[in-house]
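Understanding the architecture of this molecule
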Amino acid sequence: MSMVNTAGAETDRARREGPYRSQDRRTRHAVVIGGSVAALLTAHVLSAHADRVTVVERDRLPEGPEPRAGVPQSRHTHVLLEGGQRALDELLPGIVAELREHGAPRVGLPSDIVQWQARRYYRRTGATAHLLTGTRPLLEWLVRRRVLAEPRITVLEGTEVVGLLGDSARVRGVRVRRRGSETHQDVRQLAADLVVDASGRGSRAPDWLAAIGAEPPHEETLDTGLAYATRLYRHGDVDDSVDAGPANADPADTNSAGVGPANVGPIDTDPAGTGPAHPTDAGPDAAGTSAGAPDSDADGPVAGRGDTGPTDSVGYYFVPGRGQSRGGVALPVEGGRHLVTLSGLRGSEPPSDEAAFIDFAARLPHPVLHEWLLKARPESPVHAFRATANVRRRYDRPGRRPAGFLAVGDALCAFNPVYGQGLAVAALGAVALRDTLADPRRTPTTRRVQRALLRASRQAWDIAAGADKELPGARGDATRTRTVDRPAAWYLARVVQRAPGDPVVGAAFRSATSLVSPVSVLFAPRIVRAVLFGPVLPAPTEPPLRKEIAAG
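Just so we're clear, the structure is a prediction, and the values are computed from it rather than from any experiment.

1. Topic: the nonpolar core
By size, the foremost hydrophobic cluster in this structure holds 96 residues, and its most contacted members are Val 32, Leu 41, Leu 46, Leu 88, Leu 164 and Val 174. Contact partners of Leu 164, with chain neighbours within four places excluded, come to Val 171, Gly 173, Val 174, Arg 175, Val 195, Trp 208, Leu 209, Ile 212 and Phe 405. In this structure, Tyr 316, Val 368, Trp 372 and Val 382 belong to the second largest nonpolar core, which totals 22 residues.

2. A closer look at the packing of aromatic side chains
A complete count under the given rule lists six aromatic pairs for this structure. Measuring from centroid to centroid gives 5.5 Å for Tyr 228 and Phe 385, while their planes differ by 40°, and the two rings are tilted. You can see Tyr 228 sitting in strand S13 (residues 227–234) and its partner Phe 385 sitting in strand S18 (residues 383–385), a full 157 residues away along the chain. Among the residues examined, Tyr 228 registers a relative accessible area of 0% and is labelled buried. Ring centres of Tyr 395 and Phe 405 lie 5.7 Å apart, and the angle between their planes is 55°; on these two criteria the pair is classed as tilted. Within this pair, whereas Tyr 395 is found in the loop between strand S19 (390–393) and strand S20 (405–407), its partner Phe 405 is found in strand S20, the two being separated by 10 residues in sequence. Grouping aromatic residues by their ring pairs yields a cluster made of Trp 116, Tyr 121 and Phe 318.

3. Focus on the sheet that holds strand S21 (residues 413–414)
On the basis of which strands lie adjacent, the open sheet formed by three strands has the order S12-S19-S21 and antiparallel pairing. Pairing within the sheet leaves two strands with one partner each, and these edge strands are strand S12 (219–222) and S21. Looking at chain direction, S12 and S19 are connected through four bridges and run antiparallel. Considered in S19, the bridge of Glu 220 is made with Arg 392.

4. Here's the deal with the packing of helix H3 (residues 82–91) against helix H9 (residues 422–438)
Closest axis-to-axis distance for the H3/H9 pair is 8 Å, and the angle between their directions is 45°. The angle between H3 and H9 falls in the class oblique. Crossing of H3 against H9: the hand is left-handed. Between H3 and H9, the contacting residues are Gly 83, Gly 84, Ala 87, Leu 88, Glu 90 and Leu 91 on the first element and Ala 424, Ala 427, Leu 428, Ala 430, Val 431 and Arg 434 on the second. A per-class count over the contact of H3 with H9 returns eight nonpolar, two polar and two charged.

5. Remarks on a nonpolar patch on the surface
Together, Trp 490, Leu 532 and Phe 533 make up an exposed nonpolar region whose accessible area comes to about 370 Å². In this fold, Leu 532 is placed in helix H13 (residues 525–533). For Leu 532, a relative accessible area of 31% gives the class partly exposed.

6. Focus on the sheet that holds strand S9 (residues 171–178)
A sheet is described by the order of its strands in space; here three strands give the open sequence S8-S9-S10, paired in antiparallel fashion. The open sheet terminates on both sides in strands that have one partner only, identified here as strand S8 (159–166) and strand S10 (188–191). Within the sheet, the average angular offset between the axes of one strand and its neighbour, ignoring direction, is 35°. Judged from the seven bridges that link them, S8 and S9 form a sheet pairing that is antiparallel. When the bridges of S9 are listed, Leu 165 appears paired with Gly 173.

7. Examining helix H8 (residues 368–375)
Counting buried positions over the eight residues of H8 gives six, a clear majority of the element. Every buried residue belonging to H8 is among Val 368, Leu 369, His 370, Glu 371, Trp 372 and Leu 373, and all of these are buried. On its buried face, H8 sits against S13, strand S14 (315–318), strand S15 (326–333), strand S16 (337–344) and helix H7 (354–361).

8. A word on the side chain of Asp 396
Checked against the element boundaries, Asp 396 lands in the loop between S19 and S20. If sequence neighbours within four positions are ignored, Asp 396 has contacts with Arg 447, Gln 450, Arg 451 and Leu 454.

9. A look at the pattern of salt bridges
When the charged atoms of two side chains lie near each other, side chains of opposite charge can form a pair. In total, this model carries 27 salt bridges according to the counting rule given. One salt bridge in this structure joins Arg 441 and Asp 439, with 3.1 Å as the shortest N-O distance. A network of salt bridges, in which partner residues are shared, links Glu 220, Arg 392, Arg 394, Asp 396 and Arg 397.

10. Let's talk about the side chain of Arg 393
You can see Arg 393 is positioned in strand S19. A polar contact is formed between the side chain of Arg 393 and the backbone oxygen of Arg 201, at a distance of 2.9 Å. Within the local environment of Arg 393, its side chain forms a polar contact with the side chain of Glu 219, the two groups lying 3.0 Å apart. Not counting chain neighbours up to four residues away, the residues in contact with Arg 393 comprise Gly 200, Arg 201, Ser 203, Pro 206, Pro 217, His 218, Glu 219, Asp 410, Ala 411 and Leu 412.

Parameters and conventions
- The residue count restarts for each chain, going from 1 along the sequence in the order it is written.
- Local features are withheld for residues below a pLDDT of 70 in this predicted model, meaning they are given only at 70 or higher, and side-chain atom pairs are given and counted only at 80 or more; totals for whole chains, interfaces and linings count all residues.
- Based on all heavy atoms of the structure, the side-chain values leave hydrogens and waters out of the count.
- Residues belong to a common nonpolar core when they are buried Ala, Val, Leu, Ile, Met, Phe, Trp, Tyr or Cys residues joined through side-chain atoms within 4.5 Å.
- The rule is simple: take the accessible area with a 1.4 Å probe, protein chains only, and divide by the maximum for that residue type; under 20% is buried, over 50% is exposed, in between is partly exposed.
- What makes two residues a contact is simply this: any of their non-hydrogen atoms within 4.5 Å.
- Stacked, edge-to-face and tilted are the three classes for Phe, Tyr and Trp ring pairs, Trp counted by its six-membered ring, which pair at centre distances within 6.5 Å; planes under 30 degrees apart are stacked, over 60 edge-to-face, the rest tilted.
- Here a helix means four or more residues in a row that DSSP labels H or I, a strand means two or more in a row labelled E, and each is numbered from the N terminus.
- If DSSP finds at least two bridges between two strands, the strands pair.
- Every axis in this analysis is a line fitted to C-alpha atoms, fitted for helices over the stretch in contact. Angles between the N-to-C directions lie between 0 and 180 degrees.
- We call two directions roughly parallel when the angle between them is under 35 degrees, roughly antiparallel when it is over 145, roughly perpendicular when it lies between 65 and 115, and oblique otherwise.
- Helix crossings fall into two classes, left-handed where the near helix is turned counterclockwise from the far one by less than a right angle and right-handed where it is turned clockwise.
- Amino acids outside the nonpolar list (Ala, Val, Leu, Ile, Met, Phe, Trp, Tyr, Cys, Pro) and the charged list (Asp, Glu, Lys, Arg) are all regarded as polar, and Gly is one of them.
- By definition, no residue in a patch forms a salt bridge, and every one has over 30% relative accessible area; like charges are joined within 9 Å, nonpolar side chains (Val, Leu, Ile, Met, Phe, Trp, Tyr) within 5 Å.
- For the accessible areas, the method is Shrake-Rupley and the probe is 1.4 Å, while residue cover comes only from the protein chains on display.
- Salt bridge, as used here, is a side-chain nitrogen of Lys or Arg placed within 4 Å of a carboxyl oxygen of Asp or Glu.
- Pairs of N or O atoms within 3.5 Å make up the polar contacts considered here, provided that, within protein, one atom can donate a hydrogen while the other can accept it, and that residues adjacent in sequence are counted only when both atoms are side-chain atoms.

If you want it as structure tokens, here you go:
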């Protein structure tokens, strides 16, 4: 049995009433709020269990790979981490190949980009993880095209949800109105057996739940004050060796910043990235800084200057952290262009002014990205974004939680975009939803499914929160490192310190931060020996402009 008709088993009242389904109803109906990747993948999974799935989206959906009006972050850098690629292809077989066919580049880590983290450059050894760096509009369009081909799924475009139907025991649908309507008479009811909130980090569901007598979830927050700004460029020195598919799509306005934890790309990305994070609750030095790095935030360059010369790198990634409040990333997208995202922690926010945008890049640890920008041609305005706090809504905890309501995607757990996890977690959450609904051993009650969804996001949360909580200016109730977590934080700081120069430790770090392997991969005997007893191996002191050639 599916959750759509069994979620009511969680409360005494729901047990008495059974599933919300009137005697004369012929179909089971699920409503998904939002038109994001998380919403679409959720609708895809539910279509195997419900007779009808209605996606309620406040925007008019574009017909091609174009940004949605209500998603300002879609113009910034996004990556799809390797763990997300695998999950997405599991849900929609062949979708990764479609992305490649439409020009989404495949970037190998650490071989294909120049990465600076913890005041060290990563050696450009052979790739052990890969990012897909196509734009978010391209990914959304391909997923939307595949999902909406299912006849059981329909979309209400230009329609917004303004409340829930039901009470504290069960949600029975949503109240909707056409966008632009202002009066109470314009509101209509849409009955449903299951309502899924996929409306993003700005979700109003806590207020809607309170309005029907249910208990809103506790929100855990951690905000570093990070802000970023993005611009689309074309560069004359693009290296054709990058593993890019045909440049069919036009990323005229692209996606959301996405470089993140160690295997991520840009500032709200998703495949295996390379970023400032440490998987799990990282301690004082784990947040993108080597042990002993100064606490001061001297934003001037720390490496040598001068002409950089030719490179076979397809991108650059400077990770902000303790001692360096500014960061930057340049990654290829479809159409032979690059998205460049500059970021800064609280007090060092990048400008949206076009001239100042380039000047900001001059204050990165090395001028290599600044010099790249001076030779590139801008093809879009500068787009800024500020909503970057980590926010986790604990719908899994006990309380007056109604049956028939779930939260997924950023409406459940939103991350600092610098770690590039959002798209990957959306896909991993959809896999968790599918597997929980299909489990023949357990009834998929609302609470059980919600807990499974939270588990699917936990590793990404531990990476992002663990890295962010020790950054200067971090605020929120999730900033405190528990005493029990300090030994792991100390250990993970040593992992981050060794990852740039040690390919073995670096590969394990990328596997965890790209959400391919659990964090336990960092505690394998070989890694433990290197981290606890091995030396910190040399890493480049200047940007490594050429890949390392393997011996033999």
